[in-house]
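Understanding the architecture of this molecule
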Amino acid sequence: MQGDREKGLEARDVGFRYGKNGSWILKGVNLTVRPGERVGLTGPSGCGKSTLAKILAGYESPLEGEVLYDGSPLPEKGYCPVQMIYQNPEQAVNPRWKMEGILCEGWTPDAELLRDMGIEREWLKRWPAELSGGELQRFLIARVLGPETKFLICDEISTMLDVITQAQVWETLLRAADRQRLGMLVVTHSTALAKRVCTRIVSLQEINQS
Amino acid sequence: MEQKTKQEILSVEELSVSFSMYQKGLRKGNLEVLHKLSLSVRAGEILAVAGSSGSGKSILAHAILGILPGNACMDGRMLYKGQPLTEKEKKGLRGREIAFIPQSVDYLDPLMRVGKQVRGVRGTKERQRELFRKYGLEEGVERKYPFMLSGGMARRVLIASALMEDACLIVADEPTPGLSERLTEETLKSFREMADAGCAVLLITHDIDLAFKAADRIAVFYAGTVVEIAPAEDFRKGKEALRHPYSRAFLEALPQNEFCPLPGFQPYAAKLPKGCLFAERCRERNEMCMGEIPMRKVRGGEVRCVHAR
Ligand SMILES: Nc1ncnc2c1ncn2[C@@H]1O[C@H](COP(=O)(O)OP(=O)(O)OP(=O)(O)O)[C@@H](O)[C@H]1O
Ligand code: SF4
Ligand SMILES: [Mg+2]
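Note on numbering: residues in each chain are counted from 1, in written sequence order. Starting at A for chains and at 1 for ligands, labels are handed out in the order in which the entities are written. Whole-chain, interface and lining totals are the exception, using all residues; otherwise, since this is a predicted model, local features are given only for residues with pLDDT of at least 70 and side-chain atom pairs are given and counted only at 80 or more. The basis for every side-chain value is the complete set of heavy atoms in the structure, and neither hydrogens nor water enter the calculation.

**Some details on the site of ligand 2**
All names here are of chain B.
- The full set of residues close to ligand 2 is His244, Pro245, Cys276, Phe278, Ala279, Cys282, Glu284, Arg285, Cys289, Cys305, Val306 and His307.
- Here ligand 2 occupies the largest cavity.
- Under the scheme applied, nonpolar residues are Ala, Val, Leu, Ile, Met, Phe, Trp, Tyr, Cys and Pro; charged residues are Asp, Glu, Lys and Arg; polar residues are all the others, including Gly. For the shell around ligand 2, the class distribution of residues is eight nonpolar, two polar and two charged. Definition of nearness: a residue and a molecule or strand are near each other if at least one heavy atom of the residue lies within 4 Å of the molecule or strand. Of the two site types, the cavity is a set of points on a 1 Å grid over the protein atoms alone where a 1.4 Å probe fits but cannot get out, and the pocket is an open set with protein on both sides within 12 Å along at least five of seven lines, each lined by residues with an atom within 4 Å of a point. Cavities and pockets are treated as containing a molecule whenever more than half of the molecule's atoms lie within 2 Å of their grid points.

**Considering the sheet that holds strand β3 (residues 38-42) of chain A**
Residues and elements named next belong to chain A.
- Pairing between two strands is assigned when DSSP locates at least 2 bridges connecting them. Strands are runs of DSSP state E lasting at least two residues, helices are runs of H or I lasting at least four, and both sets are numbered from the N terminus onward. In spatial order, the strands read β6-β7-β8-β3-β9; together these five strands make up an open sheet with parallel pairing. Across the chains shown, the open sheet's two edge strands, defined by having one partner strand only, are β6 (82-85) and β9 (200-203). Strand-to-strand twist of the sheet, defined as the mean angle between neighbouring strand axes without regard to direction, takes the value 20°. Interaxial angle, 0 to 180 degrees, is taken between N-to-C directions of lines fitted to C-alpha atoms, where a helix line uses only the stretch in contact.

**Describing the coordination of the magnesium ion (ligand 3)**
Residue and element names in this part refer to chain B.
- Each metal's donors are the N, O and S atoms within 2.8 Å of it, or within 3.2 Å when it is Na, K or Ca, and because water is not part of the set, sites may look incomplete. Here the magnesium ion (ligand 3) is held by Ser58 (OG) and Gln103 (OE1), and the distances to it run 2.0 to 2.1 Å. With Ser58 in helix α2 (residues 57-65) and Gln103 in the loop between β6 (98-101) and α4 (114-119), the pair connects residues that are 45 residues apart, well separated along the chain.
- For the exposure calls, accessible area comes from a 1.4 Å probe over protein chains only, and a residue counts as buried if that area is under 20% of its type's maximum, exposed if over 50%, partly exposed in between. By relative accessible area, Gln103 is classed as buried at 15%.

**Remarks on the site of ligand 1**
- Neighbouring ligand 1 are 21 residues, the closest being Gly134(A), Glu135(A), Gly54(B), Ser58(B) and His206(B).
- Looking at what sits near ligand 1, you find residues from chains A and B.
- Polar contacts, as used here, are pairs of N or O atoms within 3.5 Å; protein pairs need one atom able to donate a hydrogen and one able to accept it. Residues neighboring in sequence count only if both atoms are side-chain atoms. Measuring from an oxygen atom of ligand 1, one finds a side-chain N or O atom of Ser58(B) at 2.8 Å.
- At a separation of 2.8 Å, an oxygen atom of ligand 1 approaches a polar backbone atom of Ile59(B).
- Working definition of accessibility: Shrake-Rupley area with a 1.4 Å probe, residue cover restricted to the visible protein chains. Alone, ligand 1 offers 640 Å² of accessible surface; in the complex the protein occludes 94% of this.
- Mapped by element, the contributors of at least two residues to the shell around ligand 1 are α4 (133-142) of chain A together with β1 (8-22) and α2 of chain B.
- Residue composition of the shell around ligand 1, grouped by class: six nonpolar, 11 polar and four charged.

**A few points about the pattern of salt bridges**
All names here are of chain A.
- Any Lys or Arg side-chain nitrogen located within 4 Å of an Asp or Glu carboxyl oxygen qualifies as a salt bridge. Considering all chains together, one arrives at 27 salt bridges over all chains under this definition.
- With a shortest N-O distance of 3.0 Å, Glu10 and Arg12 are connected by a salt bridge.
- Judged by its relative accessible area of 12%, Glu10 is buried.
- You can call Arg12 partly exposed: its relative accessible area is 37%.

**A word on the packing of aromatic side chains**
- Only Phe, Tyr and Trp rings are paired, with Trp represented by its six-membered ring, and only when their centres lie within 6.5 Å; those with planes under 30 degrees apart are stacked, over 60 edge-to-face, the remainder tilted. Overall, the coordinates contain 11 aromatic pairs over all chains when judged by the stated rule.
- Note on Phe212(B) and Phe235(B): the rings are 6.1 Å apart at their centroids and 40° apart in plane angle, and the pair reads as tilted. One end of the pair, Phe212(B), is in helix α8 (residues 208-214); the other, Phe235(B), is in helix α9 (residues 232-237), with 23 residues separating them in the sequence. Neither residue differs from the other here; Phe212(B) and Phe235(B) are each classed as buried.
- Here the aromatic residues Tyr222(B), Tyr246(B), Phe250(B) and Phe278(B) are joined through ring pairs into a cluster of three or more.
- Positioned over the ring face of Trp24(A) is Lys27(A), at 3.9 Å from the centre of the ring. We count a charge as sitting over a ring when the NZ of a lysine or the CZ of an arginine lies within 6 Å of the ring centre and within 35 degrees of the ring normal.

**Re the interface of chain B and chain A**
- Listed per partner, the contact involves 40 residues of chain B and 37 residues of chain A.
- Of the roughly 2,900 Å² buried between chain B and chain A, counting both surfaces, carbon and sulfur atoms make up 56%.
- The term buried area denotes the loss of accessible surface (1.4 Å probe radius) that occurs when two parts are joined, taken as the sum for both partners. Summed over the three residues of chain B that lose the most area to chain A, namely Phe259(B), Phe265(B) and Tyr268(B), the buried surface amounts to 22% of that side.
- A salt bridge links Glu120(A) to Lys271(B), with the nearest nitrogen and oxygen atoms 3.7 Å apart.
- At the boundary of chain B and chain A, one finds 12 residue pairs in polar contact (both at pLDDT 80 or more).
- When residues of the side of chain B that touches chain A are traced back to their parent elements, those giving at least two are α6 (151-162) and α10 (245-253) of chain B. Should any heavy atoms of two residues lie within 4.5 Å, those residues are counted as being in contact.

**Regarding empty space enclosed by the protein**
Residues and elements named next belong to chain B.
- Grid points are joined across faces, edges and corners, and a volume is the space filled by probe spheres set on the points. Scanning the model with the defined rule gives two cavities of 30 Å³ or more in all.
- Estimates place the volume of the largest cavity at around 70 Å³.
- As for the largest cavity, its lining consists of His244, Pro245, Cys276, Cys282, Glu284, Arg285, Cys289, Ile293, Arg304, Cys305, Val306 and His307.
- A class-by-class count of the residues in the lining of the largest cavity yields seven nonpolar, two polar and three charged.
- Reported here for the second largest cavity is a volume of approximately 40 Å³.

**Looking at the sheet that holds strand β4 (residues 64-69) of chain A**
Residues and elements named next belong to chain A.
- Taking strand neighbours across the sheet as the criterion, the four strands line up as β2-β1-β4-β5 in an open arrangement whose pairing is antiparallel. Looking at the sheet topology across the chains shown, the edges are occupied by β2 (26-33) and β5 (72-73).
- Where strand β1 (residues 9-16) and β2 come together, five bridges link them in antiparallel fashion. Note that in β2 the partner of Glu10 across the bridge is Thr32.

**Regarding the side chain of Glu156(A)**
Residues and elements named next belong to chain A.
- Its location among the elements puts Glu156 in the loop between β7 (151-155) and α5 (163-180).
- As a buried residue without a salt bridge, Glu156 has its nearest oppositely charged side chain in Lys49, at a separation of 5.5 Å.
- At 3.1 Å, the side chain of Glu156 forms a polar contact with the backbone nitrogen of His189. When charges are counted, Lys and Arg are positive and Asp and Glu negative, with His and the chain ends excluded.

**Considering the nonpolar core**
- Among the nonpolar cores identified, the biggest contains 144 residues, and Trp170(A), Leu60(B), Ile170(B) and Ile218(B) are the most heavily contacted of them.
- Here this core takes nine residues from α5(A), the largest share from any one element.
- All domain edges in this entry derive from an automatic or database-based domain assignment. In this structure, this core is formed jointly by two domains, domain 1 (7-20 + 31-97 + 167-303) and domain 2 (110-165) of chain B, each of which donates at least three residues.
- With sequence-adjacent residues up to four places away left out, Trp170(A) is seen in contact with Ile157(A), Ser158(A), Met184(A), Val186(A), Leu193(A), Val197(A) and Phe259(B).
- Judged by nonpolar contacts, the second largest core, of 29 residues, contains Leu9(A), Leu26(A), Ile153(A) and Leu185(A). Only buried residues count toward a nonpolar core, which is a set of Ala, Val, Leu, Ile, Met, Phe, Trp, Tyr and Cys residues joined through side-chain atoms within 4.5 Å.

**Brief notes about α2(B)**
Residue and element names in this part refer to chain B.
- Counting buried positions along α2 yields nine of nine residues, so the element is predominantly enclosed.
- Residues of α2 that are buried: Lys57, Ser58, Ile59, Leu60, Ala61, His62, Ala63, Ile64 and Leu65.
- Directly after α2, the chain includes Gly66, whose backbone phi takes a positive value near 75°.

Structure follows, in structure tokens:
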């Protein structure tokens, strides 16, 4: 069945808790991100922003409700059109892979993108532990900007970058978002940043019934 | 001035750090990532270190703690309370007088319950619980393993762990990402309290707002050197009060200001230009910028720029 792209990425009545007896972190959460839209998600630490982000990216299954992409469940095989970038880059890489392998796992970024992201050719031959936090994060952003990516889930992705690199990286991200009509969920604690890069801002506490 | 009379807890003099790397073929090359860097922190003071990512902030922290990787090689001097800080000394002081909050949450031992890790060998359960309460970590957290924690919780565990003993020097490498505003403030309040009690705090952070609010002085790093050290007040005042073009570009890039990135990138350690390391991106450069640029005192701060006035 051909899906309807304009439906976007949808969390429907999502409920989640860790473990059998844990308290509900998310309950009855409804949120839709449409193509071309950049939704800022705010809320205090531990309120479940990252959990919701992981559920939307398909890394965690909701215990209640469902996540729909174009009206159907996320594909289980092949390249996932919904990609996620984490806050702590060192936790998102395999320490036994060189940077080249990590970068080109899903697609092969062109030289222009590497230049825009300020990635040095020589870094490709290094191990993740041989790069600074900010250098590593630039790889993890470039690696998900492939043409098959339709939605990007960004969980505090620029807190490890200096402010100039942060502005550069967002410039590149917004350009890619325009070009590919990406939908984005942007988790950030910085209201100033959310105002700059998002098309609308949602407070998780307001849409969460837990 | 009172600052002058306070004891220097840590003084770093002309510190250089390089890594030996295997480059093309099997030839070994040396990659220098810190170049003759000097700074000091006094008792009662919070010195924030901001700057470009990859400029060597974490390497500086690791050098102070004596935990650089095996392929690193160090030159220059470090003094702790006026005495040479050797690798042997570092080992003895680490985790006692010198506390460290690492940037990567990977520093937690994945196989040990977090309560036990935080207590270490000498800590008491009372102190650990007190700190967990202070940082909003619930009772049950102490029995959890690191993988069960959210990013923000892991960060709070690292903070608690550093504050277990009465340190004289705290080196905090990006302590606050993922923390709510309230917890960020709580963390800073702890740093301030410790500083007021005579401790020296080196606070490495990309959160410029935080540095503005919390620090007494701010050091700006670029490509393995310090380009400016100035009172935090000057950064709060705005661009005109600053001395180095890079520090000014920093303020322009803030989302609450212009959000306008300075074009170009920090030079790669293996291909450093002669003269000023910032020259390639500087609108004010001229022939005078091609020589060695020393650190100079300008308007109550220090700057590495020939044109600064
Ligand atoms: N083990 C290593 N071998 C070779 N180069 C390294 C190694 N570790 C770090 N580097 C390089 O040293 C430079 C400084 O790294 P460092 O981690 O100190 O940066 P940083 O200022 O802390 O950056 P960030 O703000 O991104 O955390 C970087 O260019 C990095 O690539
Ligand atoms: S020394 Fe010259 S190139 Fe370097 S920052 Fe100053 S004006 Fe710019
Ligand atoms: Mg670092």
